[in-house]
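What follows is each chain in one-letter form.
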Amino acid sequence: MVVIRLSRGGAKKRPFFNIVAADSRNRRDGRFIERVGFYNPVASGGEQSLAINAERLAYWESQGAQLSPTVQRLVKQGAKAAA
């Protein structure tokens, strides 16, 4: 099953997450199919904290991909910010 979830990157105490479409059997930070966006929880100043390619997200959902609870929350948060 394909899952859209967060993949952690960044340095110690400075997390950075890629939002990726991955096979659910792969490791959290392992191989993924496609990068759909990113989330930077420690963004400051003019940095962008959340970016999601809505077109690709909709494509993966139409193909049966499940969103992780955290990604679901971030998508809702991003839609509210855009509106």
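So, how was this worked out
Residues numbered from 1 in each chain as written. Predicted model: local features only at pLDDT ≥ 70, side-chain atom pairs only at ≥ 80, totals over all residues. Heavy atoms only, no water. Phe/Tyr/Trp six-rings, centres within 6.5 Å; stacked < 30°, edge-to-face > 60°. Helix = DSSP H or I, 4+ residues; strand = E, 2+ residues; numbered from the N terminus. Buried < 20%, exposed > 50% of the residue type's maximum accessible area, 1.4 Å probe, protein only. Core = buried A, V, L, I, M, F, W, Y, C linked by side-chain atoms within 4.5 Å. Contact = heavy atoms within 4.5 Å. Salt bridge = Lys/Arg side-chain N within 4 Å of Asp/Glu carboxyl O. Pairing = 2+ DSSP bridges.

## Focus: the packing of aromatic side chains
Here is step 1: Counted by the stated rule, this structure contains three aromatic pairs.
Here is step 2: Both rings, one in Phe17 and one in Tyr39, keep their centres 6.2 Å apart while their planes meet at 20°; by these two values the pair is stacked. Of the two residues, Phe17 sits in strand E2 (residues 14-23) while Tyr39 sits in strand E3 (residues 34-39), which places them 22 residues apart along the sequence.
Here is step 3: With centroids separated by 5.3 Å and ring planes inclined at 75°, the aromatic side chains of Tyr59 and Trp60 adopt a geometry described as edge-to-face.
Here is step 4: Overall, Tyr59 belongs to the partly exposed group, its relative accessible area being 34%.

## Overview of the nonpolar core
Here is step 1: Formed by 14 residues in total, the largest nonpolar core has its most connected members in Ile4, Leu6, Ile19, Val36, Trp60 and Val71.
Here is step 2: Those elements that provide at least two residues to this core are strand E1 (2-11), E2, E3, helix H1 (54-62) and helix H2 (69-82).
Here is step 3: Per-element accounting of this core gives the leading share, three residues, to E2.
Here is step 4: Beyond its immediate stretch of four places on either side in the chain, Ile4 contacts Ile19, Val20, Ala21, Leu57, Trp60, Ala65, Gln66, Leu67, Ser68 and Val71.

## Quick word on the pattern of salt bridges
Here is step 1: One pass over the structure, following the stated rule, counts three salt bridges.
Here is step 2: A salt bridge links Asp23 to Arg25, with the shortest nitrogen-to-oxygen separation between them at 2.9 Å.
Here is step 3: Linking Arg56 and Glu34 is a salt bridge whose minimum nitrogen-to-oxygen distance equals 2.8 Å. Here Arg56 is found in helix H1, whereas its partner Glu34 is found in strand E3, with 22 residues between them in sequence.

## Brief notes about unusual backbone geometry
Here is step 1: You will see that Lys13, though not glycine, has its phi angle at about 65°, which is positive.
Here is step 2: Looking at where Lys13 falls in the secondary structure, it is placed in the loop between E1 and E2.
Here is step 3: Residue classification places Lys13 among the exposed residues on the basis of a relative accessible area of 71%.

## Some details on the pairing of E3
Here is step 1: E3 sits mainly inside the fold: five of its six residues count as buried.
Here is step 2: Alignment of E3 against strand E4 (residues 50-52), held across three bridges, turns out to be antiparallel. From the neighbouring strand, Tyr39 faces E4, where its bridge partner is Leu50.

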